[in-house]
Amino acid sequence: MNYNFREIEAKWQKYWADNQTFKAHNDSDKPKYYVLDMFPYPSGAGLHVGHPLGYIASDIYARYKRHKGFNVLHPMGYDSFGLPAEQYAIQTGQHPAITTETNINRYREQLDQLGFSFDWSREVRTSNPQYYKWTQWVFIQLFNSWYNKKTDKAEDISGLISIFEKAGNTKVEAVCDDDTRIFSAEDWANFSDKTKQEILLKYRLTYLADAEVNWCPALGTVLANDEVVNGVSERGGHPVIRKKMTQWMMRITAYAQRLLDGLDTIDWPQPLKDSQTNWIGRSEGAHVEFKVQDSEDTIAVFTTRPDTIFGTSFMTLAPEHELVAKITTPEQKEAVDAYVEATAKRSERDRMADVKTISGVFTGGYAEHPFTKEPIPIWIGDYVLASYGTGAVMAVPCGDQRDYDFAKHFNIPIPNIFEGVDISEEAFADKANTVIANSDFLNGLPYKEATKKIIAELEKIGQGEGKINYRLRDAVFSRQRYWGEPFPVYYVDGIPQMIADEHLPLELPEVEKYLPTETGEPPLGNATVWAWNTETNSVVENEKIDNTTVFPLELNTMPGWAGSSQYFNRYMDPQNSEAIYSLEAIDYWQDVDLYIGGSEHATGHLLYSRFWQKFLFDKGIAPKDEFAKKLINQGMITGTSAFVYKDLDSNKIFSRGLKGENNVIPIHADVSMVNASDELDIEAFKKWQPEYMDAEFVLEDGKYIVGREIEKMSKSKYNVVNPDAICEEYGADSLRLYEMFLGPLEQSKPWNTAGISGVYSFLKKLWKLYSPYVDGSLSEVEAEPTAENLKTLHKTIKKVEEDIENFSFNTSVSTFMICVNELTAQKCTSKAILEPLAVLVSPYAPHIAEELWEKLDHSESISEAPFPKFEEKYLVESSKEYPISFNGKMRFTMELPLDMGKDDIEAAVMAHEKTQAQLQGRTPKKVIVVPGKIVNIVG
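Fair warning: this is a prediction, and the values are worked out from it, not measured in the lab.

**Remarks on empty space enclosed by the protein**
At step 1: Counted according to the given criterion, the structure contains 1 cavity of 30 Å³ or more.
At step 2: The calculated volume of the largest cavity comes to roughly 40 Å³.
At step 3: Forming the walls of the largest cavity are Phe81, Gly82, Arg481, Trp483, Gly484, Thr557, Met558, Pro559 and Gly560.

**Quick notes on the state of the cysteines**
At step 1: Counting across every chain of the model gives 0 disulfides.
At step 2: The thiol of Cys828 is not disulfide-bonded; the next cysteine sulfur, from Cys819, is found 8.6 Å away.
At step 3: Owing to a relative accessible area of 4%, Cys828 belongs among the buried residues under this scheme.

**Details of the sheet that holds strand S6 (residues 221-223)**
At step 1: The 4 strands are arranged S6-S5-S9-S17 in an open sheet whose pairing can be described as antiparallel. Of all strands in the sheet, those bounded by a partner on one side alone are S6 and strand S17 (475-476).
At step 2: As judged from the 10 bridges shared by strand S5 (residues 206-216) and strand S9 (residues 241-250), these two strands associate in the antiparallel manner. Of the residues in S9, the one forming a bridge with Leu208 is Trp248.
At step 3: Helix H5 (residues 129-143) rests against S5 and S9 of the sheet, and its axis sits at about 85 degrees to S9.

**Notes on the environment of Asn806**
At step 1: Its place among the elements puts Asn806 in the loop between helix H24 (787-805) and helix H25 (809-825).
At step 2: Residue classification places Asn806 among the exposed positions, given a relative accessible area of 54%.
At step 3: Within the local environment of Asn806, its side chain forms a polar contact with the backbone oxygen of Glu802, the two atoms lying 3.0 Å apart.

**Things to note about the nonpolar core**
At step 1: Phe477, Tyr595 and Tyr770 are the most contacted members of the largest nonpolar core, which has 184 residues in total.
At step 2: Tallying contributions element by element places H5 first for this core, with 9 residues.
At step 3: Excluding residues that lie within four positions of it along the chain, Tyr770 makes contacts with Leu834, Leu837, Ala838, Leu852 and Leu856.

**Side note on the sheet that holds strand S21 (residues 538-541)**
At step 1: Pairing is antiparallel across the open sheet formed by 3 strands, whose spatial order is S21-S20-S22. A strand with exactly one partner marks an edge of an open sheet, and here the two such strands are S21 and strand S22 (550-552). If you compare each strand with its neighbour and ignore which way they point, the axes differ by 55 degrees on average.
At step 2: Inspection of the sheet shows strand S20 (residues 529-533) paired to S22 by 3 bridges, in the antiparallel sense. Counted as the bridge partner of Asn533 is Val550 from S22.

**Here we look at a nonpolar patch on the surface**
At step 1: Together, Ile928, Val930 and Ile934 line one region of the surface with nonpolar side chains, adding up to about 190 Å² of accessible area.
At step 2: Here Ile928 is to be found in strand S33 (residues 926-930).
At step 3: With a relative accessible area of 32%, Ile928 lands in the partly exposed category.

Reading the values: rules and limits
Residues numbered from 1 in each chain as written. Predicted model: local features only at pLDDT ≥ 70, side-chain atom pairs only at ≥ 80, totals over all residues. Heavy atoms only, no water. 1 Å grid on protein atoms, 1.4 Å probe; cavity = no way out; pocket = protein on both sides within 12 Å on 5 of 7 lines; lining within 4 Å. Points joined across faces, edges and corners; volume = space filled by probe spheres on them. Disulfide = S-S within 2.5 Å. Buried < 20%, exposed > 50% of the residue type's maximum accessible area, 1.4 Å probe, protein only. Pairing = 2+ DSSP bridges. Helix = DSSP H or I, 4+ residues; strand = E, 2+ residues; numbered from the N terminus. Contact = heavy atoms within 4.5 Å. Axes fitted to C-alpha atoms, helices over the stretch in contact; angles between N-to-C directions. Polar contact = N/O pair within 3.5 Å; in protein donor to acceptor, adjacent residues only side chain to side chain. Core = buried A, V, L, I, M, F, W, Y, C linked by side-chain atoms within 4.5 Å. Patch = residues over 30% accessible without salt bridge, like charges linked within 9 Å, V, L, I, M, F, W, Y side chains within 5 Å. Areas by Shrake-Rupley, 256 points an atom, 1.4 Å probe, with all protein chains shown as cover. Salt bridge = Lys/Arg side-chain N within 4 Å of Asp/Glu carboxyl O.

By themselves these figures say nothing about function.
Below, the structure is given as structure tokens:
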């Protein structure tokens, strides 16, 4: 009977689905283990072979843990809100929900085909109202909370109101807006309700604010920093500008230190931890206030080198700084306005990365030095960011290279405040060896002493204080899109009010157009029914807004990361309509034991999720303040891209070997049009890219040979391999094994379809090993295992268990191959060997393992079979093959029992016929015996 993988895989996939084999239970007596994958966005392109890499790894571990007796939660769902579906809707008019449903069905078909042990009864979709009801609910909890610095946690806003009523805010230690006014209890009592709500917004953990954002006019929406690349949108390549907009914000900065500290408690990759550490950016220094000349305004700066304050020769503001317009003189206005406009077209990332370009404009205004009272010219420069620190720097060119280069470029003085240091060529930034000079009362002091003294002096004159600063900014939480979670918010007199929990979810309305309105409002402004009736607690038509009982609803929607910030908890109890999850469920599952996903989410999803989890922990809604104990970043599978070479000076396209002679640019070709010899199907290429229909393809030796390059596997690079085709030709088990066999999980590795045939051959060999059971020829089936059989099995158990525990799945595949080769050579047919071998293989190749398990007369699924136990005794050697040497040269070997004594070894060797032949009747001078190692006969 041949190995018919198509029948076998279809059979067991149906069995698992029909029997809900992998359904997890919230009340099991078994220990729990929670394995999580980063859930996918279901794009129209479906999966390519690079996508399942992490899923296969997590599935192996989940199956292994089941074999080890754990109640395993291994769920899957879809991050189904997002811009691509909305863009498709704009182009075609098709509702994003329809597109999303079609894409999800395609993903599900592909995922099922690969034999993953997901508990599909727990599937979540972020675009399902029954799911985003709880995203809205968490938003409301954040709105109704503030961060108490004394207790170092989030607390209910009602407690803050109580403090205000009794004592005002003079002694409140809270994370709040910098411009929050000071007031007494009497003041609070006299404030209007609107004023009170405006003050509370300055404390709430989610709040409204005017923020500098990345605005993409073509997409009609705000983009996160990681959605902007080289000044254009990552999706579509549209120009992005910086502008101020009223946005919902998340006060993630309240958790900055806890987010840093928490990294020490979780087993996550160090490069990812470093990414978050750098993104949060903790630094110690001083807050300094510089008075603006001829004005009541002050410029606040944060500096990590307050000891260098006497070296300040100019100040630089971010072009977006609110004071720029006020302090710019009429003579400088035209130049400043032009510079501000130009800067708005550059993303923050571009500005941070561009360390070579020196640009700026003098405002015409001056600040006053806190101690010398000397005037300090105020410039603007795009190397200063409004979102970092205060958006202003005191420039000390002698101690900072970027300030130094700026001063040199614009001929600004560079005073030297360092004792015995030459700054004629570059700035001096060595804090450890700093001795301050030309600085009044700081002269002669080293860095640490000077820093302490200057902070004390700044506090004396009321122009500064010591401070810890974070690079992390509050997160923009609004998007001007349709296809996202609606905010559960309506407005009374411009003040946001939350819809009561019992009326959630607030569902997306129908709209005719998915673009912004003609007046520039977000797409929800196109809805005819989108206002809130506070009497009926329901959505009504916009026309009914009377600001008495019917009020306008929020038009923005939540960002892509909203739905992914607590999905791992919702999986624990996804059908619960009364609560985000039951206490019983989260008390049982607690947290994620193993999370596998991409490192590209380090400063997006993974940071925001940690923030939400810490908030839920503070409020007693989650039992742990970190949601995932262990995280593994899988590497990517790369593809071999194909290129044709277009001549810029003609209508010719040159073959690879001829491109060097011409002025050419590489253009991606679809790899499906290229054969194994790198020869392009020119006619197929022309049909695919009609613009090259009349181009002249210049051949070499009568063929067009493409260029090749290893790149990330991506639809945009036309180098993807479809897993459906692989499964059809070789089977899912072959694909699973091959993806693991390619190399270590965390490393990137190139895909080569030709290599999969070796794994497929192994599976056929494995199948053949079980042929007496498969074919029913049972004459030798009950044979007892030999010592060789047991040794092969137990060294395989040992290696495979070590590999799985260390996530070294690639070496397990090699181990399986060695094992099957050895057992085949041993002609092993013993059930005592083949049963545990099937269990070992099961996590990696579950379909063939299930079939072989059934052929071994088991009626239940192999997934619950205990993992084989390694026994050292089967690897203990009972004999030793001794090298027998004469005068130091080995002449033959001899197998002797390991427990044989020295004298017995000598006697046995001397009696051997080969020894007698070597000695030819001579008596040796001595016989050297080292038990367990060697025998040397000295003649």
